[in-house]
Every structure is written in C-alpha cells, then in structure tokens.
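# Per-entry structural report
Residue strings, one per chain:
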Amino acid sequence: MQKYYIVICVLLFSYSVFTEDLPYIPNYGVRCMRCICTATIGDCDLTLGCKEGYCGPFRISRVYWIDAGNITLPQDTPERNNAYEDCALEYNCAQRILLGYFHQYARDCNSDGVTNCDDYAMLHVNGRGQCHPPVNRTERGKAWWDKYTKCDPLDRAEFRFQQF
Ligand SMILES: *[C@@H]1O[C@H](CO)[C@@H](O)[C@H](O)[C@H]1NC(C)=O
Ligand SMILES: *[C@@H]1O[C@H](CO)[C@@H](O)[C@H](O)[C@H]1NC(C)=O
C-alpha cells in the first residue's frame, strides 16, 4: 500500500513540475537559478525594477517571457497590462519564467554530454537561438561567467531535465 502511495506521489510530483503553470519549483532548480541570479547585474538585486527592456533580478525581457510561455503570478492573466513586468519583478514568479524557458529549450549547450546548470546558464545568457557560444567570449560575458563559476560546483552540476 505504502509503495503505491510513493509511486503516485512521485508521478504527481513529476507531472506538476512540467505542467503549464509550473506550480512547484524543484530544489535543484532553485539552487541553480540562485547561481544564475547572483551572476546577473546587481548580484541578484531584487530592487532593480525594469530598465531598458529587462525586468527583475534575472533581467528578463518580454520576448524571453513569451518564449517561456507567458508565465504569470497566480490568479493573473498574460493579457493583463504589466503581467510580464509583475511576474519578472517577483523572485518566485521570475524563477518560474526561467523554469518554463529551460523546460522548453534545454539542451547540452556546451556539448559536455550532460545537461545541467552550466547549460541553463548559457541558455539564459545566450538565448534559445544560439546557446552554444561560450558566455565568456565578450568582456561583459566574461564578468558574468566569472561570477557564475564562483557558485558551488554541486549547484552547477545539478538541474538535469534530461533524466525525465
Ligand atoms: C503568449 O503571448 C503572446 C503575445 O501576447 C502570444 O502570441 C502567444 O501565443 C502566447 N503564448 C502562450 C503559450 O500563451
Ligand atoms: C571561458 O569558459 C570556459 C568554460 O566554459 C573555460 O574553459 C575558459 O577557460 C574560459 N576562458 C576565459 C578567458 O575565461
């Protein structure tokens, strides 16, 4: 009986992680996204607001938000004015935008045989079109990547969607 219960829980959990509105964020994703946020301008500053087309601590653009699946705050709708801004500005909601983006466009960006946080970091910075070029190829990218690589190697190795 207990065995079935565990199987059902696992199934429900895996399902809920990948449904449209992504209600739960897995722990390993939280740690990876924290690394990405810390590498971003302002070192994950929650008060950055929107500037030059980028919003919140992850500097999310509207295009990125749409590509991620128009994720909104609970009880909000994508059509509402400022739905994008309000979600991107709120840490938890912004994480769900990243998760939606990664879930759809995840791949082995650095061709090392695994898809982990390093690839999500590259995807986040380079965008879904061309995630393969090293992030540190530019001055700004190098600054970003240097900060990112200070993150705990365990956190950087986590976050594999591949196994699902
Ligand atoms: C997201 O919004 C854009 C523009 O408002 C729309 O074209 C697109 O179909 C929406 N995508 C989803 C998954 O709802
Ligand atoms: C750029 O990053 C790669 C790993 O993605 C690393 O091997 C290389 O040494 C880095 N180059 C510089 C100049 O930091």
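Because the structure is a prediction, the values reported are computed rather than measured.

## Re helix α5 (residues 91-105)
Turn by turn, an α-helix covers 3.6 residues, leaving residues three or four places apart pointing in a common direction. When the terminal C-alpha atoms of α5 are compared, their 21 Å separation across 15 residues agrees well with the 21 Å that a helix rising 1.5 Å per residue should span. For α5, the tally of buried residues reaches twelve of 15 residues, placing the bulk of the element in the interior.

## A look at the site of ligand 2
Near ligand 2 you find Asn-136, Lys-142 and Trp-145, and these make up its full shell. Asn-136 is positioned with one of its side-chain polar atoms (N or O) 2.2 Å from an oxygen atom of ligand 2.

## Here we look at the pattern of salt bridges
Where charged atoms from two side chains of opposite charge come close, those side chains can pair. Scanning the model with the defined rule gives eight salt bridges in all. Here Asp-76 makes a salt bridge to Arg-80, at a shortest N to O gap of 2.7 Å. Beyond isolated ion pairs, a larger network of salt bridges with shared partners links Asp-76, Arg-80 and Asp-86.

## Here we look at the packing of α5 against helix α6 (residues 117-126)
With their axes 11 Å apart at the nearest point, α5 and α6 run at an angle of 105 degrees to one another. With respect to α6, the element α5 is oriented roughly perpendicular. For the pair α5 and α6, contact is made by Leu-98, Tyr-101, Phe-102 and Tyr-105 and by Tyr-120, Leu-123 and His-124, respectively. The residue inventory of the contact of α5 with α6, partitioned by class, reads six nonpolar, one polar and no charged.

## Observations concerning the packing of α6 against helix α7 (residues 139-148)
Running from N to C, α6 and α7 point in directions that differ by 150 degrees, and their axes come no closer than 12 Å. Here α6 lies roughly antiparallel to α7, going by the angle between them. Handedness of the α6/α7 crossing: right-handed. Seen from α6, the contacting residues are Cys-117, Asp-118, Ala-121, Met-122 and Val-125; seen from α7, they are Trp-144, Trp-145 and Tyr-148. Across the contact of α6 with α7, the residue classes tally to seven nonpolar, no polar and one charged.

## Comments concerning the environment of Cys-37
Within the fold, Cys-37 resides in helix α2 (residues 27-39). According to the relative accessible area criterion, Cys-37 is buried, its value standing at 0%. Residues Cys-37 and Gly-56 lie 19 residues apart in sequence; the distance between their C-alpha atoms is 9.8 Å. When sequence neighbours within four positions are dropped, the list of residues in contact with Cys-37 reads Asp-43, Cys-44, Pro-57, Phe-58 and Tyr-91.

What counts, and where the lines are drawn
- Residues numbered from 1 in each chain as written.
- Chains lettered and ligands numbered in written order.
- Predicted model: local features only at pLDDT ≥ 70, side-chain atom pairs only at ≥ 80, totals over all residues.
- Heavy atoms only, no water.
- Helix = DSSP H or I, 4+ residues; strand = E, 2+ residues; numbered from the N terminus.
- Expected span 1.5 Å × (residues − 1).
- Buried < 20%, exposed > 50% of the residue type's maximum accessible area, 1.4 Å probe, protein only.
- Near = heavy atom within 4 Å.
- Polar contact = N/O pair within 3.5 Å; in protein donor to acceptor, adjacent residues only side chain to side chain.
- Salt bridge = Lys/Arg side-chain N within 4 Å of Asp/Glu carboxyl O.
- Axes fitted to C-alpha atoms, helices over the stretch in contact; angles between N-to-C directions.
- Parallel < 35°, antiparallel > 145°, perpendicular 65-115°, else oblique.
- Contact = heavy atoms within 4.5 Å.
- Nonpolar A, V, L, I, M, F, W, Y, C, P; charged D, E, K, R; others polar.
- Left-handed = near helix turned anticlockwise from the far one by under 90°.

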